[in-house]
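One letter stands for each residue in the lines below.
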Amino acid sequence: MALREILKYPHPILRKKAEPVTEFGQALKELIYDMAETMYAAPGVGLAANQIGILQQIVVIDVSPRDDKTKLIPLINPVILAGEGSDVSEEGCLSVVDYAADVKRFTHISIEARDPEGRKIAFEADGWFARDIQHEVDHLDGKLFIDRISSLKRSLYKKKRRKQLKEEQADFDD
Ligand code: NI
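The model shown is predicted, which means the values in this text are computed figures rather than measured ones.

Describing the coordination of the nickel ion
Distances from the nickel ion to its protein donors, Cys-93 (SG), His-135 (NE2) and His-139 (NE2), fall within 2.1 to 2.3 Å. The sequence pattern formed by the donor residues of the nickel ion is C-x41-H-x3-H. Separated by 42 residues along the polypeptide, Cys-93 in strand β4 (residues 87–93) and His-135 in helix α2 (residues 127–140) bring together distant segments of the chain. Relative accessible area serves as the criterion here: at 13%, Cys-93 is assigned to the buried category.

A look at the nonpolar core
Val-59, Ile-61, Leu-75, Ile-109, Ala-125, Phe-129 and Ile-133 are the most contacted members of the largest nonpolar core, which totals 16 residues. Contributions of two or more residues to this core are made by β2 (58–61), β3 (73–84), β6 (108–114) and α2. If one sorts the elements of this core by residue count, α2 sits on top with five residues. Membership of the second largest hydrophobic core comes to 14 residues, among which are Leu-31, Ile-32, Ile-54 and Ile-76.

A few points about the pattern of salt bridges
The full count for this structure, using the stated rule, is nine salt bridges. As a salt-bridge pair, Arg-105 and Glu-91 come within 2.8 Å of each other at their nearest N and O atoms. Here Glu-91 lies in strand β4 and Arg-105 lies in strand β5 (residues 96–105), a separation of 14 residues in the sequence. Summarising the burial analysis for this pair, Arg-105 and Glu-91 share the class buried. Arg-119 is the partner of Asp-115 in a salt bridge, and the nearest nitrogen-oxygen pair spans 2.8 Å.

Structural notes on the pairing of β4
Along any regular strand the residues' side chains alternate between the sheet's two faces. Alignment of β4 against β5, held across six bridges, turns out to be antiparallel. What sits directly across from Glu-91, in β5, is Ala-101. A loop of two residues connects β4 with β5, the two strands running antiparallel in sequence.

Reading the values: rules and limits
- Residues numbered from 1 in each chain as written.
- Predicted model: local features only at pLDDT ≥ 70, side-chain atom pairs only at ≥ 80, totals over all residues.
- Heavy atoms only, no water.
- Donors = N, O, S within 2.8 Å, 3.2 Å for Na, K, Ca; no water.
- Helix = DSSP H or I, 4+ residues; strand = E, 2+ residues; numbered from the N terminus.
- Buried < 20%, exposed > 50% of the residue type's maximum accessible area, 1.4 Å probe, protein only.
- Core = buried A, V, L, I, M, F, W, Y, C linked by side-chain atoms within 4.5 Å.
- Salt bridge = Lys/Arg side-chain N within 4 Å of Asp/Glu carboxyl O.
- Pairing = 2+ DSSP bridges.

This is the structure in structure tokens:
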């Protein structure tokens, strides 16, 4: 197992769409282990492969810190088939440094995916679990939660991030 580097906004790979996984072998399992280790070390409650620079439709989720019904769940090629209800709650992202904002999501979703063995799975999710899945599936589409906030909030965040990167660059030059 190995920790992977988490790419940070505005890294261009975060804006690319991930491709469906077609090979369900040992390499995929090792990648899932690395993603889980990287997520727990961060620490975070979800991670999409795009965030470590791999454009494949793989996410790992563990919302047990917030909802003790769940544990580590890897989803391969996940598709949200349907959603209902809506709820606004604060979200953050390991790729969006020092920022959190309210995001509207479905409260209840139906999902279809593959497990790491390639078997088809289908289930329903609610609450934080449903929110987390929607956030991670967005990553696979090249979307970030800041795309789902007001343009004013987004431009304020961009300004803050630009300043932060400039300061980091200045530290680096010293
Ligand atoms: Ni995220």
